[in-house]
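Each chain, letter by letter, is given below.
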Amino acid sequence: MTDFVSLPFYDLFHENEHGVEIRRKLPSLLSGVRRSILEIGAGTGLITTSLADSTPAEIFALEPSAGMRGMLLSRLNARAELLERVTVLSCDALSLDLDEPVEAMVMIRVMYALEPDYRRRLWPVLAAHLEPGGLLIFTWRDGGPPAPSPLRELESRQVGRHTYTVLSEIIESSGEACKARYLYRVTEGDKVLSEEEIVGNAYRPGREVIQEELVTAGFAQADAPEGLLAWRLA
Ligand SMILES: C[S@@+](CC[C@H](N)C(=O)[O-])C[C@H]1O[C@@H](n2cnc3c(N)ncnc32)[C@H](O)[C@@H]1O
């Protein structure tokens, strides 16, 4: 789950990326969805508002990290109409408990955080909470985990007199897992005001692995644009 160290950096570094990529692609995939959507790992709500803007559906935004959830609720609170339509769930994905099955599920930039055993147990849980023919959409990048690589700057943003920078290094990589180190740095000119580190694992299963897991859980693959996979519950 997202660490408190990275929270202040989240929207600064993800808003544009989502703006151009995912927000552009999701609406057409969800064009037939009218009743309900579960968003798994809603984070600070960057995608949640987009789902609300592009569909008339009731939204269940599941986010286990209290810090991310706080930012999500602030975002919803800034738009009164969304407070009526979005229910925020604080459990993790495996503990999902909904009153009735949803029409679609969306999981954007979350799967990399799920350990393989957790992920394998998750698909049947999602299938149990999706209506027949319901849609499961998640972000996807082919090619397995990145190879080890030295520390490099990912991006910098200016906030008043301060510069917020994220750097990352891939420490090791094997099978579908890699261990990455992230540095979250705030500077003013040459002076480092703060620098904090997170080391964690990320997972990038191969396409055949994910296909086998989802078919076993009762899903059939549907069309999706580059960067996303879509599956329908048979
Ligand atoms: C990179 S963020 C993506 C947030 C949002 N989907 C977006 O695209 O802006 C990954 C999110 O997944 C959440 N997450 C991690 N493990 C999870 C789990 N087991 N169940 C549900 N959410 C999880 C994290 O708390 C974090 O908010």
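Residues numbered from 1 in each chain as written. Predicted model: local features only at pLDDT ≥ 70, side-chain atom pairs only at ≥ 80, totals over all residues. Heavy atoms only, no water.

**Examining the site of the ligand**
Here is step 1: The environment of the ligand is made up of 21 residues, and the closest members are Tyr10, Gly41, Glu63, Ile108 and Tyr118.
Here is step 2: The side chain of Tyr10 places a nitrogen or oxygen atom 2.8 Å from an oxygen atom of the ligand.
Here is step 3: Between a nitrogen atom of the ligand and a main-chain N or O atom of Gly41, the distance comes to 2.7 Å.
Here is step 4: Along the lines of polarity and charge, the residues of the shell around the ligand split into 13 nonpolar, five polar and three charged. (Near = heavy atom within 4 Å. Polar contact = N/O pair within 3.5 Å; in protein donor to acceptor, adjacent residues only side chain to side chain. Nonpolar A, V, L, I, M, F, W, Y, C, P; charged D, E, K, R; others polar.)

**Section: the UniProt feature "domain: Methyltransferase" (unreviewed entry) in the chain**
Here is step 1: The residues that UniProt annotates with the feature "domain: Methyltransferase" (unreviewed entry) are residues 37-134.
Here is step 2: In residues 37-134, the share of helix is 39% and the share of strand is 24%. The end C-alpha atoms are 10 Å apart. (UniProt positions renumbered as here; feature names shortened; annotations may be inferred. Helix = DSSP H or I, 4+ residues; strand = E, 2+ residues; numbered from the N terminus.)

**A few points about the pairing of strand E9 (residues 191-203)**
Here is step 1: Two elements, strand E8 (residues 177-188) and E9, share 12 bridges in a ladder whose sense is antiparallel. Paired with Ala180 across the bridge in E9 is Gly200.
Here is step 2: From the end of E8 to the start of E9, which pair antiparallel, there are two residues, and Gly189 there has a positive phi angle of about 60 degrees. (Pairing = 2+ DSSP bridges.)

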